[in-house]
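Commentary on secondary and tertiary structure
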Amino acid sequence: MPAKIRLASESDAAQILDIYAPVVRETAISFEWEPPSVDQIRDRMRRVLEMLPWLVCDVDGRIAGYAYASPFKTRAGYRWSCELTVYVHPEFHRCGVGRALYAALLPCLTAQGYQVAVAVITIPNPASVGLHESIGMRRVGTYHAIGHKFGQWLDDGVWQMELGPRRESPEPPVPFHDLVGTQVWQKALDKGTRLLRV
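A few points on the structure. (Residues numbered from 1 in each chain as written. Predicted model: local features only at pLDDT ≥ 70, side-chain atom pairs only at ≥ 80, totals over all residues. Heavy atoms only, no water.)

**A closer look at helix α2 (residues 38–49)**
With 12 residues, α2 should cover 16 Å at 1.5 Å per step; its first-to-last C-alpha distance of 16 Å lies within 8% of that length. Within the span of α2, buried status applies to Ile 41, Met 45, Val 48 and Leu 49. Along α2, the residues classed as buried sweep out an arc of 90° about the axis, all on the same side. Considering only its buried residues, α2 is in contact with β1 (4–7), α1 (13–26), β2 (54–59) and β3 (62–71). (Helix = DSSP H or I, 4+ residues; strand = E, 2+ residues; numbered from the N terminus. Expected span 1.5 Å × (residues − 1). Buried < 20%, exposed > 50% of the residue type's maximum accessible area, 1.4 Å probe, protein only. Arc of directions from axis to C-beta. Contact = heavy atoms within 4.5 Å.)

**With respect to the sheet that holds β3**
Within the open sheet, the 7 strands sit side by side as β1-β2-β3-β4-β5-β7-β6. Their pairing is mixed. For this open sheet the edge positions go to β1 and β6 (138–149), each flanked by a neighbour on one side alone. Ignoring strand direction, the axes of neighbouring strands in this sheet form an average angle of 25°. Pairing analysis gives 3 bridges linking strand β4 (residues 81–88) to strand β5 (residues 116–123), with the strands arranged parallel. Residue pairing in the sheet places Glu 83 in a bridge with Val 118 of β5. α1 contacts β2, β3, β4 and β6 of the sheet and is inclined by roughly 75° relative to β3. Of the strands in this sheet, β4, β5 and β7 (152–162) touch helix α4 (residues 126–134), which is tilted by about 165° from β5. (Pairing = 2+ DSSP bridges. Axes fitted to C-alpha atoms, helices over the stretch in contact; angles between N-to-C directions.)

That is the geometry; function is a separate question.
Listed below in structure tokens is the structure:
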């Protein structure tokens, strides 16, 4: 089976954790101190998938990376903004996986009616900064010494991008499930898949 971008399922949770757990244990990229369990990953996936897409890069049944959007904040006035997250297995770095995942994710968010995407990146992280700036995000601020891990205080940089023309009276975003199976959905997945170099 060739590499492809597809919708995540709960059966992917163990492989997603295999990617995420070393990030938690070995780096300050995530401010979690202990990796979650597989069940906790499944719970997170369920919460995201109620409204927003969670995508994986599937290479012959192996998860090479994943990306999802989550609500930026819970208050109603923020409902048109979302926060992006992407992680790629180290064996698939520099294969276009992160860019492919975002190339599929962003059109879906736009079609749902989201207006703004935000990414929060622990600094320094030149690879993540490069990826997010390559998709059109721009740095809009810094949270100074916002987190503490491995005996040091760390900054978070904040990146932002517009997903579509700003509407004065926007309708609430539609659940991504309304897109699944549509031409917009398939076109987005195909766009991401074409960028893969694995």
